[in-house]
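Residue-level structure breakdown
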Amino acid sequence: MLPLMEDFYTIQGEGYNSGKAAYFIRLGGCDVGCHWCDVKESWDAELHPLTLTHQIVANALQYPSKNVVVTGGEPLIYNLDYLTIQLHQQQIKTFIETSGAYPLSGQWDWICLSPKKFKAPLPEVCAAAHELKVIVFNKSDFVWAEEHAKLVSPQCKLYLQPEWSKHQEMIPLMVDYVMNNPQWEMSLQTHKYMNIP
Ligand code: SF4
């Protein structure tokens, strides 16, 4: 059983899989403590009902897309082996959004590592990440992004994404940065522009 905060079918708005329809599983529980977190309601796991993994998988199967995004909160607080094995048995692709602050568990087709300053990512998650997505809140985050790019594999895709409340201020700086450092790509929270979850 896992504390399920919410689950919904939508379009992944950000990062490498942006634009793909996906069923989202948001697990409750996070102690990373980002001050700009836009899902603070997720932090206390006890507020979210423990839900049978079989029920979560059954919910996912109701939708035509075979992509599932597991997010939070910080989903790696929990061991996700059983959930992802069950999803794979149903030919569903498994994507995760994680800060990397907890040990890696689960079978993943795509690992999006979005490290946070408040709790450093573990080396094992950095090594396994397919995508590094750094949230840009202020200018100093470019240096921080480069420090984390050194921790991931050479194949890992690199994204810079503006923190939503600062996006108008940060996007011009990010455009310049990506044009001068094209190993990075822009990621925008397109679901917010589309007004979908
Ligand atoms: S890691 Fe994610 S859920 Fe946790 S506080 Fe930071 S932004 Fe919020």
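Presented here is a report on the structure given in the accompanying data block. (Residues numbered from 1 in each chain as written. Predicted model: local features only at pLDDT ≥ 70, side-chain atom pairs only at ≥ 80, totals over all residues. Heavy atoms only, no water.)

**With respect to the packing of aromatic side chains**
Under the definition given, this model contains six aromatic pairs. Ring geometry for Tyr16 versus Trp110: centroids 4.1 Å apart, planes at 15 degrees, classification stacked. Here Trp110 lies in strand 6 (residues 110-113) and Tyr16 lies in the loop between strand 1 (2-11) and strand 2 (21-27), a separation of 94 residues in the sequence. Centroid distance Tyr23 to Tyr63: 5.4 Å. Interplanar angle 25 degrees. Geometry classified as stacked. In this pair, Tyr23 is assigned in strand 2 and Tyr63 in the loop between helix 1 (53-60) and strand 4 (67-71), connecting sequence segments 40 residues apart. Overall, Tyr63 belongs to the partly exposed group, its relative accessible area being 28%. (Phe/Tyr/Trp six-rings, centres within 6.5 Å; stacked < 30°, edge-to-face > 60°. Helix = DSSP H or I, 4+ residues; strand = E, 2+ residues; numbered from the N terminus. Buried < 20%, exposed > 50% of the residue type's maximum accessible area, 1.4 Å probe, protein only.)

**As for the site of the ligand**
Lining the immediate surroundings of the ligand are Cys30, Val32, Gly33, Cys34, Cys37, Val39, Trp43, Gly73 and Lys116. Broken down by class, the residue content of the shell around the ligand amounts to six nonpolar, two polar and one charged. (Near = heavy atom within 4 Å. Nonpolar A, V, L, I, M, F, W, Y, C, P; charged D, E, K, R; others polar.)

**A short note on helix 2 (residues 81-89)**
When we look at burial in helix 2, the residues that qualify are Leu83, Thr84, Gln86 and Leu87. Taken end-on, helix 2 shows its buried residues confined to a sector of 160 degrees, consistent with a single buried face. Residues of helix 2 that are buried in the fold lie against strand 1, helix 1, strand 4 and strand 5 (93-98). With its phi angle positive at about 60 degrees, Gln91 sits one or two positions after the end of helix 2. (Arc of directions from axis to C-beta. Contact = heavy atoms within 4.5 Å.)

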